[in-house]
Amino acid sequence: MLDINYIRQNPEEVAEMLKKRQQAEDSIRLDELLEFDIQRRQLVQKSDELKALRNKVSKDIATIKRTGQGSAEDLIREMKEVADNIARMNETLGELEEKMEAILLSLPNKLHIDVPTGCSSEDNVIYKEPIAFDHALDFPLKNHLDLGNTLGILDFERGAKISGSGFPVYAGKGARLERALLNFMLDYHTEKHGYTEIFPPFMVNEDSLRGTGQWPKFADQVYYMNEDDLYAIPTAEVPVTNLHREEILRDEQLPISYAAYSACFRREAGSYGKDTRGFLRVHQFNKVEMVKFTRPEDSYDALEEILHNAEAILKALKIPYRVLLLCSGDISATAAKCYDIEVWSPAENKFLEASSCSNFEDYQARRANIRFKPAGSSKPVFIHTLNGSGLATSRLMVSLLENYQTPEGTIIVPEVLRKYTGFDLID
RNA sequence: GGAGAGGUCGCAUAGUGGUCUAGUGCGCUCGCCUGGAAAGCGGGUAAGGUUAACAGCCUUCGAGGGUUCGAAUCCCUCCCUCUCCGCCA
């Protein structure tokens, strides 16, 4: 959420941002917002004056009643009218604030100066050229579906039977490999990168979704359990960032770094048909997420750190990847700057998004009301939140299986995972 | 799921319709005292809105509604915590 004071003082900057994000139609709503803002402040002043009067006269009435001197009838009649006026103003004020809230919640974040202007994913900029590793793949390659089927480690058909398409089943060594990957990543981030491990709930309430920005704009992408009014998390970002919702942190607590495993649930409504084969797009997948809370001045260094932390996993696994800097037309509404890490799929012959590392600045913090008291200051200030996948296993698994395949159709287990799998070959 | 108790300024508590602009203790902090400290004494000790203003005013006693000239206090709904019972990995 943007600061209404910032919007009021820099309306043309906000309009420019909307244009860059290809959200120019939102500028109508921006004009509305500014108009509501003026009305609201005028109304607040008037109603506060009336409230002050009511408070004062109510005290006078109390004095009269206590001392028994004179009659309060006239004052009470007068205040009845004032109370009616206040009630009417409150109603209008409530409506105004509701409308403003709706617009504010839907407006996207500011863009960092580094973000390239562009319309779509075509315009993303390569931030780090592809990094290759020496996998001898000079034979006819199988894709991850063939490999998974033949080796009996992935079962999409039975997954579809028990749940529906997009719910993969891992079996035998495949299940073990998935678990090895997750354990390896969690251990790596906690032991080498200084993250504190969190195991969060996988279902959250609406306030949490609003805090990180999935609600209300992207509510249709989230599974909802009507009976209990709970949402299945689309990423651990949601519960972990919301750990500190409505809190004022102490300066010396910062920065806070959390790493969390969670299953991630996404409806992926409207995306049937594109990239839906196998692991490329699923409704449930596993991910280790890194989340940071920092002082505002530290957040861009922290973003580079998160990127490095995610890259370290791929380097350790020797999985080829590249890093993109997302352009203004492709970056998510909540992020001010975002890197995508894409892993190489030799069978699909393309890069697949496996991680997104974003700085949200104070956009989520303002929604979730997460603040800290800077040293030597008495006023609390919104912190900056960041997160990055470190990483999602589904796409990672595609790349791993395909890059580590042998001419015999078996899979060599990456060296760093062997102490987790207990075997070095899937056959 | 059923029954009961309860949610007040960091913590603990007081407050059952109008001197509550929410008191007291602890903690924290500043000052006095002291060679220095402890004790003691005195002061301070939330967030948000409005505003040029850290002046004034307004809002907030779990959340939201209601009654009233006036609500921490009365009524309704919801949420959470605790105790007991039931069910259960």
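Residues numbered from 1 in each chain as written. Chains lettered and ligands numbered in written order. Predicted model: local features only at pLDDT ≥ 70, side-chain atom pairs only at ≥ 80, totals over all residues. Heavy atoms only, no water.

A. Geometry of a negative patch on the surface. Taken together, the side chains of Glu91, Glu95, Glu98 and Glu101 make up a negatively charged region of the molecular surface. By secondary structure assignment, the location of Glu98 is in helix α4 (residues 73-106). On the accessibility criterion, Glu98 (63% relative accessible area) is exposed. (Patch = residues over 30% accessible without salt bridge, like charges linked within 9 Å, V, L, I, M, F, W, Y side chains within 5 Å. Areas by Shrake-Rupley, 256 points an atom, 1.4 Å probe, with all protein chains shown as cover. Salt bridge = Lys/Arg side-chain N within 4 Å of Asp/Glu carboxyl O. Lys, Arg positive; Asp, Glu negative; His and termini not counted. Charge placed at Lys NZ, Arg CZ, Asp CG, Glu CD. Helix = DSSP H or I, 4+ residues; strand = E, 2+ residues; numbered from the N terminus. Buried < 20%, exposed > 50% of the residue type's maximum accessible area, 1.4 Å probe, protein only.)

B. Structural view of the sheet that holds strand β6 (residues 224-225). Read from one edge of the open sheet, three strands run β5-β7-β6, paired in antiparallel fashion. A single partner strand is all that each edge strand has here, and the edge strands are β5 (203-204) and β6. Sheet topology note: the β6/strand β7 (residues 230-232) ladder contains two bridges and is antiparallel. Looking at the pairing, Tyr224 lines up with Tyr231 of β7. (Pairing = 2+ DSSP bridges.)

C. Seen up close, the environment of Ser389. Here Ser389 is to be found in strand β16 (residues 384-392). The class for Ser389 is buried, based on a relative accessible area of 8%. Ser389 sits 35 residues away from Ala354 along the chain, and the two C-alpha atoms are 7.5 Å apart. A polar contact of 3.0 Å, which involves the side chain of Ser389, links it to the backbone nitrogen of Ser356. (Polar contact = N/O pair within 3.5 Å; in protein donor to acceptor, adjacent residues only side chain to side chain.)

D. Molecular detail of the sheet that holds strand β8 (residues 247-250). A sheet is described by the order of its strands in space; here three strands give the open sequence β8-β14-β15, paired in mixed fashion. Looking along the sheet, the strands with just one partner apiece sit at the ends: β8 and β15 (381-382). Where β8 and strand β14 (residues 370-373) come together, four bridges link them in parallel fashion. Following the sheet pairing, Ile248 is matched in β14 by Arg371.

E. Structural detail: helix α10 (residues 299-317). The end-to-end C-alpha distance of α10, which contains 19 residues, comes to 28 Å, matching closely the 27 Å that a straight helix rising 1.5 Å per residue would cover. At the exit of α10 stands Lys318, carrying a positive phi of roughly 55°. (Expected span 1.5 Å × (residues − 1).)

F. Layout of the pattern of salt bridges. Applying the stated rule across the entire model yields 20 salt bridges. Among the ionic pairs, Arg8 bridges to Asp37, the shortest N-O distance being 2.6 Å. On the criterion of sequence distance, the pair formed by Arg8 in helix α1 (residues 4-9) and Asp37 in helix α3 (residues 26-67) is long-range, its members being 29 residues apart. The class of Asp37 is buried, set by a relative accessible area of 1%. Across the pair Glu268 and Arg281 runs a salt bridge, and its minimum N-O distance is 3.0 Å. Of this pair, Glu268 sits in the loop between β9 (256-265) and β10 (284-294) while Arg281 sits in the loop between β9 and β10, and the two are 13 residues apart along the sequence. Judged by relative accessible area, which is 25%, Arg281 ranks as partly exposed. Salt bridges sharing partners connect three or more residues here, namely Asp3, Asp362 and Arg366.

G. Main features of the packing of α3 against α4. For the pair α3 and α4, interaxial distance at closest approach is 8 Å and the crossing angle is 155°. The orientation of α3 with respect to α4, classified from their angle, is roughly antiparallel. Along this stretch, α3 crosses α4, giving a crossing that reads as left-handed. Looking at the contact of α3 with α4, its residues break down into 20 nonpolar, six polar and twelve charged. (Axes fitted to C-alpha atoms, helices over the stretch in contact; angles between N-to-C directions. Parallel < 35°, antiparallel > 145°, perpendicular 65-115°, else oblique. Left-handed = near helix turned anticlockwise from the far one by under 90°. Nonpolar A, V, L, I, M, F, W, Y, C, P; charged D, E, K, R; others polar.)

H. Spotlight on the pairing of strand β13 (residues 350-359). With eight of ten residues buried, β13 lies mostly within the body of the structure. Between strand β12 (residues 337-345) and β13, which pair antiparallel and follow one another directly, the connecting turn spans four residues, one of which, Asn349, has a positive phi of 60°. As paired strands, β13 and β16 are joined by three bridges and run antiparallel to one another. Paired with Ser358 across the bridge in β16 is Asn387.

I. Just the protein's contact with RNA strand B, in detail. Around RNA strand B, the structure places 23 residues, and the nearest of them are Arg40, Asp48, Asn55, Lys80 and Arg371. Of everything in RNA strand B that lies within 4 Å of the protein, sugar and phosphate atoms constitute 76%. Lys80 places a side-chain nitrogen or oxygen 3.0 Å from a phosphate oxygen of RNA strand B. Counting residues per element, the ones that place at least two in the surface near RNA strand B are α3, α4 and β14. It is α3 that provides the largest number of residues to the surface near RNA strand B, a total of 13 residues. Of the residues contributing to the surface near RNA strand B, the split by class is eight nonpolar, four polar and eleven charged. (Near = heavy atom within 4 Å.)

So far we have only geometry, and geometry alone does not tell us how the molecule works.
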